[in-house]
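Next come the chains, spelled out residue by residue.
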Amino acid sequence: MTTRTVLVINSGSSSIKYQLVDPDSGESLASGIVERIGDATGSITHKRAGERTDITEPVPDHGFGLSEVLRLFDEQGPSLAQAHVVAVGHRVVQGGHYFSGPALIDDDVVAKIEELVPLGPLHNPAHLKGIEVGRQLLADVPHVAVFDTAFFQRLPEEAARYGLNRKVADTYSIRRYGAHGTSHQFVSGEIAERLERDDLKQIVLHLGNGASVSAVVAGRAVETSMGLTPLEGLVMGGRTGDIDPAAVFHLVRVAGMSIDEIDHLFNWESGMKGLTGQQDMREVWRLVDAGDQNARDAIDIYVHRLLKYIGAYTAVMGGVDAITFTAGIGENDARVRAELCKRLDYLGVRIDTEANAVRASEPVTISTPDSSVVVTVFPTNEELAIARQALTLI
Ligand code: ADP
């Protein structure tokens with residue numbers, strides 16, 4: 001029987017994702033999602049030990065949604081009382097300059113997350129709703145905020161500061177905050193443990209629908225590709241990644257577009273979707289296989305951007321010992337991995353083609369023993385990482 005668990009909550013503007021985690025074994029005991037909060041047709045899916053319960057009902061607000069989740073735990077199990085929940089861990093995207101690690105939630109922490117809303121306008125208000133109803137409905141356990149930005153809060157100044165006018169940057173808090181930090185920290189930590197080395201120079205490629213790359217030296221993040229917002233860096237499912245900011249001025253002046261239209265274009269209608277019509281990498285590959293030239297070009301652009309970042313980060317660190325692939329594309333897309341690694345030959349990267357072909361739910365080393373860089377596919381687990389971080393404050 002489990003001795004202790006953490007309930008992890010990721011509250012979005014119209015959804016609540018949750019998972020009950022055993023932080024010691026790493027096992028997920030139950031998980032689910034409340035969707036379309038505030039819509040006429042809401043839904044809740046609750047999963048435990050291979051069983052699944054689906055409810056379709058209007059979910060007027062986050063409070064109702066979470067109370068329904070607690071009812072499902074009661075009725076379908078596992079019983080939260082018996083699971084001995086020792087903490088609730090809340091994912092928070094933007095921790096700004098305040099948080100370099102997890103924070104035990106009190107009114108002061110809530111006020112700071114609120115203060116950071118202008119830097120995380122899509123996410124922080126939604127997290128605050130989750131935190132508010134969570135603290136009401138689960139008042140007996142400590143609540144901990146775990147920030148996506150925390151791992152990057154102590155980036156070296158030369159990596160965090162843009163070449164923007166200092167006064168303007170400081171007045172408006174414009175700097176590199178990064179994102180996906182929980183994943184980069186978790187994966188780089190696990191790799192250091194696997195390789196039994198605490199001095200590693202690592203590059204972590206978190207390639208999901210959103211994608212980012214980080215450079216980590218001896219456990220400390222020294223660079224990351226997402227910036228003030230998650231828009232910067234790699235080519236993503238729907239985001240441009242790096243683009244000359246003057247494209248914004250150009251679109252305002254020449255195309256007469258509004259700032260909101262450009263925001264939408266760059267964040268939702270660009271990247272693989274904007275280049276090919278398909279956001280999902282599996283669909284992009286289908287187009288490639290059917291001979292679609294735009295899709296082939298898009299893959300080349302995607303891999304080229306990765307190659308540039310790996311070169312840059314290797315230079316920043318003065319070498320690289322380990323490169324790790326994680327998240328949806330990183331864990332599953334052997335072709336992207338193969339195309340990229342082939343072009344890392346100059347670094348002494350050698351890939352075992354058979355190992356690379358495996359679709360892994362477990363970590364797999366895909367480099368050969370004589371490769372000068374250890375290349376691993378490592379499934380990320382942000383819920384477990386949040387649960388373990390929350391525990392450090394209990
Ligand atoms: P996020 O958490 O950012 O939504 P994920 O890490 O779940 O994203 O990754 C989702 C993406 O992973 C999908 O959009 C898809 O492009 C990609 N993906 C998932 N499975 C595969 C696969 N077998 N081959 C290629 N890409 C895949």
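One can find the structure itself at the top, above this paragraph.
All figures in this text were calculated on a predicted structure; none of them were measured in a lab. (Residues numbered from 1 in each chain as written. Predicted model: local features only at pLDDT ≥ 70, side-chain atom pairs only at ≥ 80, totals over all residues. Heavy atoms only, no water.)

Engineer: Residues and numbers for the overall build of the protein chain, please.
Structural biologist: A tally of helices and strands in the protein chain yields 16 helices and 14 strands. What you see for the protein chain is a C-alpha radius of gyration of 21 Å, in line with the 21 Å of a compact globule of 394 residues. For the protein chain, the spread of C-alpha atoms along the principal axes amounts to about 55 × 55 × 45 Å. When the 394 residues of the protein chain are sorted by exposure, 52% land in the buried category. In the protein chain, the proportion of contacts linking residues at least 24 apart, taken out of those at least 6 apart, comes to 62%. In the protein chain, the 36 positive side-chain charges and the 53 negative ones have mean positions that sit 4 Å from each other. (Helix = DSSP H or I, 4+ residues; strand = E, 2+ residues; numbered from the N terminus. Rg over C-alpha atoms; globule rule 2.2 N^0.38 Å. Buried < 20%, exposed > 50% of the residue type's maximum accessible area, 1.4 Å probe, protein only. Contact = heavy atoms within 4.5 Å. Lys, Arg positive; Asp, Glu negative; His and termini not counted. Charge placed at Lys NZ, Arg CZ, Asp CG, Glu CD.)

Engineer: Account for the side chain of Asn267, naming residues and giving values.
Structural biologist: Tracing the backbone shows Asn267 in helix H9 (residues 259-268). Of note is the side chain of Asn267, whose polar atom sits 2.8 Å from the side chain of Asp263. Aside from chain neighbours lying at most four places away, what touches Asn267 is Leu231, Gly238 and Arg239. (Polar contact = N/O pair within 3.5 Å; in protein donor to acceptor, adjacent residues only side chain to side chain.)

Engineer: Account for the site of the ligand, naming residues and giving values.
Structural biologist: Around the ligand, the structure places Gly208, Asn209, Gly210, Asp280, Met281, Arg282, Ala327, Gly328, Ile329, Asn332, Asp333 and Arg359. Between the ligand and Met281, the relevant distance is 2.8 Å, taken from an oxygen atom to a main-chain nitrogen or oxygen of the residue. Within the backbone of Ile329, an N or O atom sits 3.5 Å from an oxygen atom of the ligand. Here the ligand has 580 Å² of accessible area as a free molecule, and 68% of this is covered by the chains. Where the shell around the ligand is concerned, the elements lending two or more residues are helix H11 (281-289) and helix H13 (327-332). (Near = heavy atom within 4 Å. Areas by Shrake-Rupley, 256 points an atom, 1.4 Å probe, with all protein chains shown as cover.)

Engineer: Go over the sheet that holds strand E5 (residues 51-56), please, and point to the residues and values.
Structural biologist: Strand order across the open sheet formed by eight strands is E5-E4-E3-E2-E1-E6-E8-E7, with mixed pairing between neighbours. With one partner strand each, in any of the chains shown, E5 and strand E7 (103-104) form the two edges of the open sheet. In the sheet, E7 pairs with strand E8 (residues 143-147) via two bridges, with the strands oriented antiparallel. The residue bridging Ala103 from the neighbouring strand is Ala145, located in E8. In the packing of helix H4 (residues 124-137) onto the sheet, the strands contacted are strand E1 (5-11), strand E6 (85-92) and E8, and the crossing angle to E6 comes to about 165 degrees. (Pairing = 2+ DSSP bridges. Axes fitted to C-alpha atoms, helices over the stretch in contact; angles between N-to-C directions.)

Engineer: Report on the pattern of salt bridges, specifying residues and quantitative values.
Structural biologist: Per the counting criterion, the structure on display carries 20 salt bridges. Between Arg71 and Glu68 there is a salt bridge whose closest N-O contact spans 2.9 Å. Pair noted here: Arg71 and Glu68 are both in helix H1 (residues 62-76), with a separation of three residues, about one helical turn. The class of Arg71 is partly exposed, set by a relative accessible area of 31%. With its nearest N and O atoms 2.8 Å apart, the salt bridge here joins Glu339 to Arg296. In this pair, Glu339 is assigned in helix H14 (residues 334-342) and Arg296 in helix H12 (residues 293-317), connecting sequence segments 43 residues apart. Judged by its relative accessible area of 22%, Arg296 falls in the partly exposed class. In this structure, a network of salt bridges that share partners links the residues Glu68, Arg71 and Glu75. (Salt bridge = Lys/Arg side-chain N within 4 Å of Asp/Glu carboxyl O.)

Engineer: Explain the pairing of E8 to me, using residue names and the numbers behind them.
Structural biologist: Counted residue by residue, E8 has five buried out of five residues, so it is predominantly covered. In E8, alternate side chains face the same way, and those of His143, Ala145 and Phe147 on one face and Val144 and Val146 on the other are all buried. Where E6 lies against E8, five bridges are found, and the strand directions are parallel. Paired with Val88 across the two strands is His143, which belongs to E8.

Engineer: Can you break down H4 residue by residue, with the values?
Structural biologist: Taking 1.5 Å as the rise per residue, H4 with 14 residues should run 20 Å; its terminal C-alpha atoms sit 20 Å apart, in good agreement. Turning to H4, its buried residues are Asn124, Ala126, His127, Leu128, Gly130, Ile131, Val133 and Gly134. Here the buried face of H4 lies against E1, H1, E6, helix H3 (107-115) and E8. (Expected span 1.5 Å × (residues − 1).)

Engineer: How would you sum up a nonpolar patch on the surface? Please name residues and give values.
Structural biologist: A surface patch of nonpolar side chains, about 250 Å² in accessible area, is lined by Leu104, Leu393 and Ile394. Since its relative accessible area comes to 43%, Leu104 is described here as partly exposed. (Patch = residues over 30% accessible without salt bridge, like charges linked within 9 Å, V, L, I, M, F, W, Y side chains within 5 Å.)

Engineer: Any details on H1? Residues and values, ideally.
Structural biologist: The terminal C-alpha atoms of H1 lie 20 Å apart, and with 15 residues this matches the ideal 21 Å at 1.5 Å per residue to within 8%. Of all the positions in H1, only His62, Gly65, Leu66, Glu68, Val69, Leu70, Leu72 and Phe73 are classed as buried. Taken from the residues just after H1, Gly77 is the one with a positive phi, measuring 80 degrees.

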